[in-house]
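Listed here are the chains, written in short residue letters.
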Amino acid sequence: MNHLFFILTAVAYLASFGLYLVFLNTGKRLPGIIASLLLAAGLVAHYFALLERSRGLHTVPYHDLYGSLSLFGWLLALTYLGLELFHRQRSVGAFVVPFILIFFVAAHLAPADRLAAAPAKGAVFAFHVTLSILAYAAFALSFVLSLIYLAEERLVRNHKLGNIVWQLPALDLLDRMTYSSVLVGLASMVVGTTLGFVSVDRLTGQFWFYDPKYVVTLIVVALYVLYSYIARTAAWRGARASRLCIFNFVVVVLSFTVVNLYLSQSHRYF
């Protein structure tokens, strides 16, 4: 396969990360703007890299683990950029972009898995998978933001206010950004799961059959619904809500790895 878009994407993400670091250390507006533009350029190149990989393997991006990870990285970048524009806050970019870059490079350098065809096809199934992975990406972003919140809160509490702490978003803004990310993930998972049931109905002629993935998905939805409710209360707002968000993402990781790979018969990497 031609590696042009792989190189362009990696360079754009790496340069974006470097400029986000400059912005985090100096607070200068121009490096932050260029970092965001480079991230957007990396998103475009990453999209074409996904297309190139799919065409080279004659399959969909989520056919194997590495393709799913690359799609996850792309949706993580898309979710973060949308959140950055909505909240007008670039300071956390230096913490998020490295994960995007790692997922992208690891996925595209790894050999493709040779697996059987996907369990279903069609637009409904494709939207089900894409929205499910978007939900994972949004939850991952909320996890990173929760870690930043707890670290910043501890530094503030211990009066260790270095230059980087001053450049980070205020704790209240970090809390709102985390909440926004969770809402994106929750909406994506609910719609994606619904479309998954529609795909199952079309494929098997029955609306429901037992799969551990369904049970864990409903648990994940319930946990994030719980977070979205109690994170707005005075008793749980802030550090407690951030810890719950971190716990919830551990369950998501178990769902994406252990449940998908070893317990589910109809799910792979979504």
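Note that the coordinates shown come from a computational prediction; the quantities given were computed from them, not determined experimentally.

Regarding its fold elements, the chain presents 9 helices and 0 strands. Its helices and strands in sequence order give the chain the pattern α-α-α-α-α-α-α-α-α, from N to C terminus. Taking all 270 residues of the chain together, 50% fall into the buried category. In the chain, 79% of the contacts between residues at least 6 apart in sequence involve partners at least 24 apart. Total accessible area on the chain stands at roughly 13100 Å², and carbon and sulfur atoms take up 70% of it.

Of all hydrophobic cores here, the largest spans 70 residues; its most connected members are Tyr 13, Leu 39, Phe 139, Val 220, Tyr 224 and Tyr 227. The element that contributes the greatest number of residues to this core is helix H5 (residues 123-157), accounting for 16 residues.

Before going further, it helps to examine the environment of Leu 30. Checked against the element boundaries, Leu 30 lands in helix H2 (residues 29-57). A relative accessible area of 58% means that Leu 30 is categorised as exposed. Spatially, the C-alpha atoms of Leu 30 and Leu 19 are 9.2 Å apart, while their sequence positions differ by 11 residues.

This part takes up the environment of Val 97. Examined against the element boundaries, Val 97 turns out to sit in helix H4 (residues 93-109). The exposure class of Val 97 is buried, given its relative accessible area of 0%. With 83 residues separating them in the primary sequence, Val 97 and Leu 14 have C-alpha atoms 8.1 Å apart. Leaving out residues up to four positions away in the same chain, Val 97 has contacts with Tyr 13, Ser 16, Phe 17, Tyr 20 and Leu 39.

Glancing now at H5. With 35 residues, H5 extends 50 Å from end C-alpha to end C-alpha; this agrees with the ideal 51 Å at 1.5 Å per step. Downstream of H5 by a residue or two, His 159 has a phi angle that is positive, lying close to 60°.

Nonpolar side chains collect at one region of the surface, where Val 44, Tyr 47 and Phe 48 lie side by side and expose about 270 Å² of accessible area between them. With respect to the element layout, Tyr 47 can be found in helix H2.

All right, on to the confidence of the model for the chain then. Looking at the chain, pLDDT values average 86 and 84% of them are 70 or higher. Within the chain, the lowest mean pLDDT, 74, falls on helix H6 (residues 163-167), and the highest, 95, falls on helix H1 (residues 4-26).

This next bit is on the side chain of His 128. Within the secondary structure, His 128 sits in helix H5. On the basis of relative accessible area, His 128 is assigned to the buried category, the value being 8%. For His 128, the side chain forms a polar contact with the main-chain oxygen of Gly 192, separated by 2.6 Å.

Rules behind the numbers
Residues numbered from 1 in each chain as written. Predicted model: local features only at pLDDT ≥ 70, side-chain atom pairs only at ≥ 80, totals over all residues. Heavy atoms only, no water. Helix = DSSP H or I, 4+ residues; strand = E, 2+ residues; numbered from the N terminus. Buried < 20%, exposed > 50% of the residue type's maximum accessible area, 1.4 Å probe, protein only. Contact = heavy atoms within 4.5 Å. Areas by Shrake-Rupley, 256 points an atom, 1.4 Å probe, with all protein chains shown as cover. Core = buried A, V, L, I, M, F, W, Y, C linked by side-chain atoms within 4.5 Å. Expected span 1.5 Å × (residues − 1). Patch = residues over 30% accessible without salt bridge, like charges linked within 9 Å, V, L, I, M, F, W, Y side chains within 5 Å. Salt bridge = Lys/Arg side-chain N within 4 Å of Asp/Glu carboxyl O. pLDDT = per-residue confidence, 0-100. Polar contact = N/O pair within 3.5 Å; in protein donor to acceptor, adjacent residues only side chain to side chain.

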